[in-house]
Amino acid sequence: TNTISSTVRTYVQSTSLTSTQNNISLTAASTDSVTTLAVATSIALGLGGAGAGATATSTVSPNVEAYAGNASTLNAAGNISINATSSNSATATSYGIAGGVVGVGTTISNATANGSVLAHLDGNVAGVNTLTVQATATDISTANSTAATGGIFAGSGSVANATTSPVVRAYTGSGTISARNAVVVAATLTPKANATALGVSIGALAVGVSSATARVSPTVDAHVGGNITAASLSVTATQALPGGAESANARATGAVGALIGVTATSATAINGSVGNQAGVSSYVANNSVLNITGDTTVFANNNSRQRAEGNAAAGGLLAAGVASSNAASNTVTRAYLGSVTLTGSSLNVTANGVDNNLAVTYAGSGGVLAGSSASGSTSNVSLTEATIGAGSTVQLSTRGAGTLGISADHVATFNAQEITVAGGVVAGAGVNIDHGVDSTVNAGVGSSVNAYARDIKIYATNHADKRWLAADNVKGTTGGLVSGAGAYSDTRISFNTTVTVGANAWLEVVGLP
């Protein structure tokens, strides 16, 4: 077991800090990496039994913070930047090998990447060209587990768990900010969790079990508050894909060869879950007063991709291969204004969510009596909202473009590929696919909102996307004197899509003078 838990902090507190010529920069950064390797072997000669067990655990949990405290006042002739960054990885690898008349091997790998990355301005800014408050994190967890056994009686168990669950926040408090150019507040996370489990058993009676779980459950938050005067304002929160790859990737493989052989595998890739959703929020806090010469942007972008693959192969006089895969997402994406007062040129409040889930399963068996089963499931649960809170006043008709845009959009992409093969005197193969989509998208303004603009657009959009695959979604093949194959597929889609204008709200499109 290896654990790194670091604290990195850069801050100013209870002070007035002025740069009459140049910039002010507060930066805190962490780059932590932890790797654990566990190997166990056991060989018994003669009539003896052998057992091997290995457990590897890696945890990386940095706390990185850059901030200007409550009683601080900053003033710069140039720019002010407050940056907290983190790039961390945890890797756990385990191997277990056992051989004897009775051979049993179990390996477990656990890798966890979490911690927090915070950048915040709690005090005041008396003057600055551009103010940037930014928190950025890249967190990777990788778990690999391999178990191999051989004997007259052989059993293997291989378990891999990878979890990435950091908190990333960038924000300003309730103070006063005066900027000659832009105010930029951004929180960005790129998470990745990889889990791979492999189990192999060979003997007269052989049983193999492999389980891989990759889980991502982040919190990403960007917000502003207080009194802000600036040429432009941007508040952005993002969960990004790691180089176009999966956020969570799980692969479990099991293989047995014996007179009687049974193998079972389970792969699960998750981004958020019930009670622990993957949350991305961007907002302006209640009671804020904004005087922005140009554009105000409040943007939340939640992009996730999950892939689960289960593989099982069994060969013997009596052989059974069972494989399952589950790819799931449970996300909350919000962009909103609380109860605020805004005078500006344009306002865009946008929440975008994209969740892509793919389950792939291969199961094969061969023997006098052979059976194989493949099941795959995906689940897309999401809430996506873009709103202006009750009691807000938004005045965009007196300067600049005068546009007000509120947009909430979610795309649920899902697919599965399930393949089974069974061959024997008596052979059977079964395939089961289950897809569920439950997406709520809301856009609108609350009660007693007063908004004046030259153009007003409010959109709420829900999408379900199941694309064609190059190969078959479902394929069951059997061969023998007596053989049979069955397939079942179920897809359920539930959309709740609304545009709401609250009671006593006043939205006015003002013409050119």
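What counts, and where the lines are drawn
Residues numbered from 1 in each chain as written. Predicted model: local features only at pLDDT ≥ 70, side-chain atom pairs only at ≥ 80, totals over all residues. Heavy atoms only, no water. Helix = DSSP H or I, 4+ residues; strand = E, 2+ residues; numbered from the N terminus. Buried < 20%, exposed > 50% of the residue type's maximum accessible area, 1.4 Å probe, protein only. Contact = heavy atoms within 4.5 Å. Areas by Shrake-Rupley, 256 points an atom, 1.4 Å probe, with all protein chains shown as cover. Salt bridge = Lys/Arg side-chain N within 4 Å of Asp/Glu carboxyl O. Pairing = 2+ DSSP bridges. Core = buried A, V, L, I, M, F, W, Y, C linked by side-chain atoms within 4.5 Å. Phe/Tyr/Trp six-rings, centres within 6.5 Å; stacked < 30°, edge-to-face > 60°.

(A) Spatial organisation of the overall build of the chain. Each helix and strand counted, the chain has zero helices and 36 strands in total. Per-residue burial for the chain yields a buried fraction of 52% across its 513 residues. Sequence-distant contacts in the chain: of pairs separated by 6 or more residues, those separated by 24 or more amount to 85%. Carbon and sulfur atoms form 54% of the exposed surface of the chain, whose accessible area is close to 18800 Å².

(B) The arrangement of the pattern of salt bridges in detail. This model, assessed by the stated rule, comprises eight salt bridges. Linking Asp-221 and Arg-169 is a salt bridge whose minimum nitrogen-to-oxygen distance equals 3.4 Å. Pair noted here: Asp-221 is in strand 17 (residues 219-224) and Arg-169 is in strand 14 (residues 167-172), with a separation of 52 residues, a long-range link. Judged by relative accessible area, Asp-221 falls into the buried class, the value being 10%. With relative accessibility at 30%, the residue Arg-169 sits in the partly exposed group. If you follow the salt bridges from partner to partner, you end up with Arg-251, Arg-307 and Glu-309 in one network.

(C) Representation of unusual backbone geometry within the structure. The backbone of Ser-14 sits at a positive phi, close to 55°, despite the residue not being glycine. Checked against the element boundaries, Ser-14 lands in the loop between strand 2 (7-12) and strand 3 (16-19). Judged by relative accessible area, which is 53%, Ser-14 ranks as exposed. The phi dihedral of Asn-287 is positive, around 70°, even though this residue is not glycine. Structurally, the position occupied by Asn-287 is in the loop between strand 22 (278-284) and strand 23 (289-292). On the basis of relative accessibility, which here comes to 68%, the residue Asn-287 falls in the exposed class.

(D) Inspection of the pairing of strand 32 (residues 450-453) at higher detail. Only one face of strand 32 is buried, namely the one carrying Ala-451 and Ala-453, since none of Asn-450 and Tyr-452 on the opposite face is buried. When strand 29 (residues 393-395) meets strand 32, the two strands line up parallel, connected through three bridges. Residue pairing in the sheet places Gln-395 in a bridge with Tyr-452 of strand 32. In this structure, strand 32 lies alongside strand 36 (residues 506-509), joined through four bridges in parallel fashion. Of the residues in strand 36, the one forming a bridge with Ala-451 is Leu-507.

(E) Main features of the nonpolar core. The biggest cluster of nonpolar side chains holds 64 residues, and the ones touching the most others in it are Leu-121, Leu-131, Val-183, Leu-347 and Ile-388. Setting aside anything within four residues of it in sequence, one finds Ile-388 in contact with Leu-337, Leu-347, Val-394, Leu-404, Ile-406, Gly-444, Val-445, Gly-446 and Val-449. Counting 25 residues, the second largest nonpolar core, distinct from the first, contains Ala-38, Ala-212, Ala-252 and Ala-308.

(F) Focus on the packing of aromatic side chains. The final tally for this structure, using the stated rule, is two aromatic pairs. Aromatic pair Tyr-11 and Tyr-67: ring centres 5.1 Å apart, planes at 5°, arrangement stacked. In this pair, Tyr-11 is assigned in strand 2 and Tyr-67 in strand 7 (residues 63-68), connecting sequence segments 56 residues apart. Residue classification places Tyr-67 among the buried residues on the basis of a relative accessible area of 13%.

(G) Here's a closer look at the side chain of Thr-93. Within the secondary structure, Thr-93 is located in strand 9 (residues 80-99). Residue class for Thr-93 comes out buried when judged on its relative accessible area of 14%. Apart from residues no more than four positions distant in its own chain, Thr-93 is found in contact with Thr-36, Leu-37, Ala-38, Ala-56, Ser-109 and Asn-144.

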